[in-house]
Amino acid sequence: MPQAAEARRPAAKVPVSPIDPFSIDFFRNPHPAHEAVREAGPVVWLERYGTYAAARYAEVKEMLGDPATFCSSRGVGLSDFARETPWRPPSLVLERDPPEHDRARAVLNRALSATVMRSLRARFVEAAEALAGALARRDRFDAIADCAEVYPMMVLPDAVGLSKVGREHLLSYAATVFNMFGPDNELRRAALTQMAPHVEWIALQCKRETLTGDGIGATIHAAADTGEVTRREAELLVRSILSAGFDTTVHGIGAAMRSLAHNPDQFAALRADPSKARAAFEEAVRLESPVQTFFRTTTRDVELSGTRIPEGAKVLMLLGAANRDPRKWPHADRYDIDRSTAGHVAFGAGVHMCVGQLLARLEGEALLAAFARAFSAIEADGEAEPLFNNTLRGWARLPVKATAA
Ligand code: OVP
């Protein structure tokens, strides 16, 4: 567990912030707190946790670009792996630094390459059209339970080569993983209490014998046949896909549904030109940043925009705040599918930048293009319920009213 806040003190002159970016009040509406941290300074001290935080675009980008100083191998949650035992064997990519990181990353790069995406595309488009068509026969639906959670489950488990039984564990396991990056709060304790059956099912799915012979999982295991990685390493790389590939795209799609439902002019622009589907998805990912935060740990004393940070400090990157930093983004809070989203950090940046980004974009593009053709209008139908998770931002419920085209 993190040491008490008073056990660690900030460098002199660092603005101190009282915010708790892992609290229910914060999750309900993070934007005012994001703004407060951005405006307090380039680096702030979070007294609640005894860590530093960066909320501006420039500093977040600098941290992502310097993995030798801001390392991942001590964990990208609040827990410091140099002081506490990780709750599961560390990820071979997310929780590793170059050069060790790179060998494992190369295997995932190939398993999730543009060539692989081309082979998946027709099936993903067909599934998106089937789902949009089915939803168009209803006038009201929940854009989370009936859409954002459904579509990735229609396409990705088969693409990875998972068994048909037990797939309901995927979203529960992912929610657990993302809660475990947080502090020792209610959400993390609940995750610990209920994780066992999900962890067990996931471990079985990572085995070569469980996976089909023709999916993304099999491609990863093929790298163990050539000796590029060990069998155990291949299993852990499959685990990365099962950890990071499902809930993230659920909430990316949820963000797009939310953004379109609240911005009818933008849905009209998408309908007028469905080739904007990829841009519409990317802009929703920037605006809502489904993965809100990751920590880094300093490997040396370092100065970040004038703030001295000692070796061994945890520094929180508020990706969602950086993606709405007015220093970088004109009318940052506006959903504008025609803007340039280049450089947003919702997928990270640098050596760790999301290895599944092409898969996420393929899903988002296919689904939004299908929606653009199936519906003439989509609007919010009552209050959305926010999701409470230590790392993920999204909605637990998002009722919409939709008009079939
Ligand atoms: C968003 C991510 C998230 C959770 C787990 C892993 C990666 C992993 O590599 O296991 S990136």
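Rules and cut-offs
- Residues numbered from 1 in each chain as written.
- Predicted model: local features only at pLDDT ≥ 70, side-chain atom pairs only at ≥ 80, totals over all residues.
- Heavy atoms only, no water.
- Helix = DSSP H or I, 4+ residues; strand = E, 2+ residues; numbered from the N terminus.
- Buried < 20%, exposed > 50% of the residue type's maximum accessible area, 1.4 Å probe, protein only.
- Areas by Shrake-Rupley, 256 points an atom, 1.4 Å probe, with all protein chains shown as cover.
- Pairing = 2+ DSSP bridges.
- pLDDT = per-residue confidence, 0-100.
- Contact = heavy atoms within 4.5 Å.
- Expected span 1.5 Å × (residues − 1).
- Phe/Tyr/Trp six-rings, centres within 6.5 Å; stacked < 30°, edge-to-face > 60°.
- Lys NZ or Arg CZ within 6 Å of the ring centre and 35° of its normal.
- Axes fitted to C-alpha atoms, helices over the stretch in contact; angles between N-to-C directions.
- Arc of directions from axis to C-beta.
- Core = buried A, V, L, I, M, F, W, Y, C linked by side-chain atoms within 4.5 Å.
- Parallel < 35°, antiparallel > 145°, perpendicular 65-115°, else oblique.
- Nonpolar A, V, L, I, M, F, W, Y, C, P; charged D, E, K, R; others polar.

**Student:** I would appreciate a short explanation of the overall build of the chain in the present structure.
**Tutor:** Secondary structure summary: the chain contains 17 helices and 13 strands in total. Dimensions along the principal axes, computed over C-alpha positions, put the chain at roughly 60 × 50 × 35 Å. Split into buried and exposed, the 405 residues of the chain put 58% on the buried side. Element-wise, carbon and sulfur atoms account for 53% of the exposed surface of the chain, whose accessible area totals about 16100 Å².

**Student:** Any chance you could explain the sheet that holds strand 9 (residues 314-318) here in plain terms?
**Tutor:** With mixed pairing, the 6 strands of this open sheet are ordered in space as 1-2-3-9-6-4. For this open sheet the edge positions go to strand 1 (16-17) and strand 4 (70-71), each flanked by a neighbour on one side alone. Judged from the 2 bridges that link them, strand 4 and strand 6 (residues 293-298) form a sheet pairing that is antiparallel. Within the sheet, the bridge partner assigned to phenylalanine 70 lies in strand 6 and is threonine 298.

**Student:** What is the right way to look at the confidence of the model for the chain in this model?
**Tutor:** If pLDDT is low for a region, its predicted coordinates should not be looked at in detail. Averaged over all residues, the pLDDT of the chain equals 97, while 98% of them reach at least 70. This stretch, residues 1-7, has a pLDDT under 50; its non-local contacts, to residues over four places away or in other chains, come to 10 contacts.

**Student:** Would you explain the pairing of strand 9 in this entry?
**Tutor:** Counting buried residues in strand 9 gives 5 out of 5 residues, a clear majority hidden from the surface. Because side chains alternate across strand 9, one face comprises the buried residues Lys314, Leu316 and Leu318, and the other comprises Val315 and Met317, equally buried. As defined by bridge partners, strand 3 (residues 51-54) adjoins strand 9 across 3 bridges and the pair is classed as parallel. Bridge pairing in strand 9 places tyrosine 52 opposite valine 315. Bridge analysis of strand 6 against strand 9 gives 5 bridges, and the strand direction is antiparallel. Considered in strand 9, the bridge of threonine 297 is made with lysine 314.

**Student:** Can you walk me through the environment of alanine 143 in this structure?
**Tutor:** Assignment of secondary structure puts alanine 143 in the loop between strand 5 (140-142) and helix 6 (144-148). Distance in space between the C-alpha atoms of alanine 143 and valine 400 is 6.4 Å, their sequence separation being 257 residues. Excluding residues within four positions of it along the chain, alanine 143 makes contact with Ala148, Met257, Leu398 and Val400.

**Student:** What should I look at first to understand helix 12 (residues 231-244) in this one?
**Tutor:** Quick reminder: α-helices carry 3.6 residues per turn. Residues three or four places apart thus point the same way. With 14 residues, helix 12 should cover 20 Å at 1.5 Å per step; its first-to-last C-alpha distance of 20 Å lies within 8% of that length. With 11 of its 14 residues buried, helix 12 lies for the most part within the structure. Listed in full, the buried residues belonging to helix 12 are Glu233, Ala234, Glu235, Leu236, Leu237, Val238, Arg239, Ser240, Ile241, Leu242 and Ser243. Each element contacted by the buried residues of helix 12 is listed here: helix 4 (100-111), helix 7 (150-160), helix 8 (169-180), helix 10 (196-205) and helix 11 (216-225).

**Student:** Just to check I follow, could you spell out the packing of aromatic side chains for this structure?
**Tutor:** Each aromatic ring pair is characterised by the separation of its centres together with the angle its planes make. Tallied over the entire structure, the rule returns 11 aromatic pairs. Seen from their ring centres, phenylalanine 22 and tyrosine 49 are 5.6 Å apart, and the 75° between their planes marks the pair as edge-to-face. Of this pair, phenylalanine 22 sits in the loop between strand 1 and helix 1 (24-28) while tyrosine 49 sits in the loop between strand 2 (44-46) and strand 3, and the two are 27 residues apart along the sequence. Taken together, a centroid distance of 6.4 Å and an interplanar angle of 70° make the contact between phenylalanine 141 and phenylalanine 371 edge-to-face. With phenylalanine 141 in strand 5 and phenylalanine 371 in helix 17 (residues 357-374), this residue pair connects regions lying 230 residues apart in the sequence. Residues phenylalanine 141 and phenylalanine 371 agree in their burial class; the two are buried. Members of the aromatic cluster, connected to one another through ring pairs, are Phe22, Tyr49 and Phe295. Positioned above the aromatic ring of tryptophan 329, the side-chain terminus of arginine 286 is 5.4 Å from the ring centre.

**Student:** I tried to follow the sheet that holds strand 10 (residues 375-380) on my own but got confused; where do I start?
**Tutor:** The strands making up a sheet associate through backbone hydrogen bonding, with each pair oriented either parallel or antiparallel. Taking strand neighbours across the sheet as the criterion, the 3 strands line up as 5-13-10 in an open arrangement whose pairing is antiparallel. Strands with a single pairing partner mark the edges of an open sheet, and in this sheet they are strand 5 and strand 10. Mean inter-strand twist for the sheet, computed between neighbouring axes without regard to direction, equals 30°. As paired strands, strand 10 and strand 13 (residues 399-404) are joined by 5 bridges and run antiparallel to one another. Bridging from a neighbouring strand, alanine 377 pairs with threonine 403 of strand 13.

**Student:** Explain helix 9 (residues 186-194) to me, please; I cannot follow it from the model alone.
**Tutor:** For helix 9, the complete set of buried residues consists of Leu187, Arg188 and Ala191. Here the buried residues of helix 9 occupy an arc of 95° about the axis, which is enough to place them on one side. Of the residues in helix 9, the exposed ones pointing more than 90 degrees away from the buried face are Glu186 and Thr193. Summarising the contacts, the buried residues of helix 9 are in contact with helix 1 and helix 8.

**Student:** Help me out: how do you make sense of the nonpolar core in this one?
**Tutor:** Counting residues in hydrophobic clusters, the biggest one holds 114 residues, and the most contacted among them are Tyr151, Ile220, Met257 and Phe371. Here this core gets 11 residues from one element, more than from any other, and that element is helix 17. Contacts of tyrosine 151, omitting those with residues within four sequence positions, involve Phe124, Val125, Ala127, Ala128, Leu131, Ile253, Glu363, Ala366 and Leu367. Ile19, Val37, Leu78 and Leu316 belong to the second-largest nonpolar core, a separate cluster that totals 17 residues.

**Student:** For this particular structure, what's the right way to read the packing of helix 14 (residues 264-272) against helix 17?
**Tutor:** Two quantities define a packed helix pair, namely the angle between the axes and the distance from one axis to the other. Orientation of helix 14 relative to helix 17, taken along the N-to-C sense of each, is 90°, at an axis distance of 8 Å. One element, helix 14, and the other, helix 17, form an angle in the roughly perpendicular class. Between helix 14 and helix 17, the contacting residues are Phe267, Leu270 and Arg271 on the first element and Leu368, Phe371 and Ala372 on the second. Of the residues in the contact of helix 14 with helix 17, the class split is 5 nonpolar, no polar and 1 charged.

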